[in-house]
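Here are the chains, one letter per residue:
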Amino acid sequence: KAGVTQTPRYLIKTRGQQVTLSCSPISGHRSVSWYQQTPGQGLQFLFEYFSETQRNKGNFPGRFSGRQFSNSRSEMNVSTLELGDSALYLCASSLGAGLSSSYNEQFFGPGTRLTVL
Amino acid sequence: QKEVEQNSGPLSVPEGAIASLNCTYSDRGSQSFFWYRQYSGKSPELIMSIYSNGDKEDGRFTAQLNKASQYVSLLIRDSQPSDSATYLCAVNPLLPNDYKLSFGAGTTVTVRA
């Protein structure tokens, strides 16, 4: 079974621009979560989508947004980029629901490394 | 208080020894607990999940959960140089419709050959 894929793997943008990152989950997984990882703050939760609905949102400004498509693929968008947005953006997929306790086991993609100049 | 705290490390152990990693969490109602391994420059990889009090073993890894003490640990037996990585503890806080994972800062383990 193929793993989680993310595109692009690397991005360099300048302040004020916007960026869109893409994530394709493991086949059969309906939940996609997005995280930001920085050396200072560690892994911070951005938002989670299940069946095209945002179920959870972390404490990030409204410049960070996302969506999920009917095939479970997800995108996140960051508008008006700031220097502090430079980070590794990770998406993780899981079943998202089910009778087994393991429905929330999240599997990460390779990440998109965003550099804002 | 942080939701998930890990011993800060770094932790250096000789090859063949046991590495012991600790994690405490603040939400008493948490039900799902995970350990991830992250190599430098790579994304986190799920290595263990545990949901019930007690021990869970998988190969050289043992996860231990004590909900009363709000404590989860990971033991790595017969440590190998390939185990050198940062280990992240993740907890699913039990709130209605809350599916996010809260991560600790991680403990960096170095296995000396």
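In the block above lies the structure referred to throughout.
Residues numbered from 1 in each chain as written. Chains lettered and ligands numbered in written order. Predicted model: local features only at pLDDT ≥ 70, side-chain atom pairs only at ≥ 80, totals over all residues. Heavy atoms only, no water.

In this section: the interface of chain B and chain A. Contact with chain B, which involves 16 residues of that partner, is made by 19 residues of chain A. Interface area for chain B against chain A, summed over the two sides, is near 1,600 Å², with a carbon-plus-sulfur share of 57%. Counting across the interface, chain B meets chain A through 0 salt bridges. At the junction of chain B with chain A, the criterion picks out 7 residue pairs in polar contact (both at pLDDT 80 or more). At the level of elements, β4 (32–38), β5 (45–50) and β9 (85–92) of chain B are the ones that each hand at least two residues to the side of chain B that touches chain A. Broken down by element, the side of chain B that touches chain A gets its largest block of residues, 3 residues, from β4 of chain B. (Contact = heavy atoms within 4.5 Å. Buried area = accessible area lost by both parts, 1.4 Å probe. Salt bridge = Lys/Arg side-chain N within 4 Å of Asp/Glu carboxyl O. Polar contact = N/O pair within 3.5 Å; in protein donor to acceptor, adjacent residues only side chain to side chain. Helix = DSSP H or I, 4+ residues; strand = E, 2+ residues; numbered from the N terminus.)

A few words on the state of the cysteines. All names here are of chain B. Inspection of every chain in the model, using the stated rule, returns 2 disulfides over all chains. Note that C23 is cross-linked by a disulfide to C89, the S-S spacing being 2.0 Å. Sign of the S-S torsion, about -70 degrees for the bond between C23 and C89, identifies this disulfide as left-handed. In this pair, C23 sits in strand β3 (residues 19–25) while C89 sits in strand β9, placing the two residues 66 residues apart along the sequence. (Disulfide = S-S within 2.5 Å.)

Right, let's get into the sheet that holds strand β8 (residues 71–76) of chain B. Residue and element names in this part refer to chain B. A sheet is described by the order of its strands in space; here 5 strands give the open sequence β1-β3-β8-β7-β6, paired in antiparallel fashion. Of all the strands in the sheet, the pair left with one neighbour each is β1 (4–6) and β6 (54–58). Strand after strand, the sheet turns through a mean of 20 degrees between neighbouring axes, direction not considered. One ladder, built from 3 bridges, connects β1 with β3; its direction is antiparallel. Bridge pairing in β3 places Q6 opposite C23. (Pairing = 2+ DSSP bridges. Axes fitted to C-alpha atoms, helices over the stretch in contact; angles between N-to-C directions.)

Further remarks concern the nonpolar core. Residue and element names in this part refer to chain B. W35, V72, L74 and Y87 are the most contacted members of the largest nonpolar core, which totals 23 residues. For this core, the secondary-structure elements that each account for two or more residues are β3, β4, β5, β7 (61–66), β8, β9 and β11 (107–112). Excluding residues within four positions of it along the chain, V72 makes contact with L21, N22, C23, F33, W35, I50, Q64, L65 and C89. (Core = buried A, V, L, I, M, F, W, Y, C linked by side-chain atoms within 4.5 Å. Buried < 20%, exposed > 50% of the residue type's maximum accessible area, 1.4 Å probe, protein only.)

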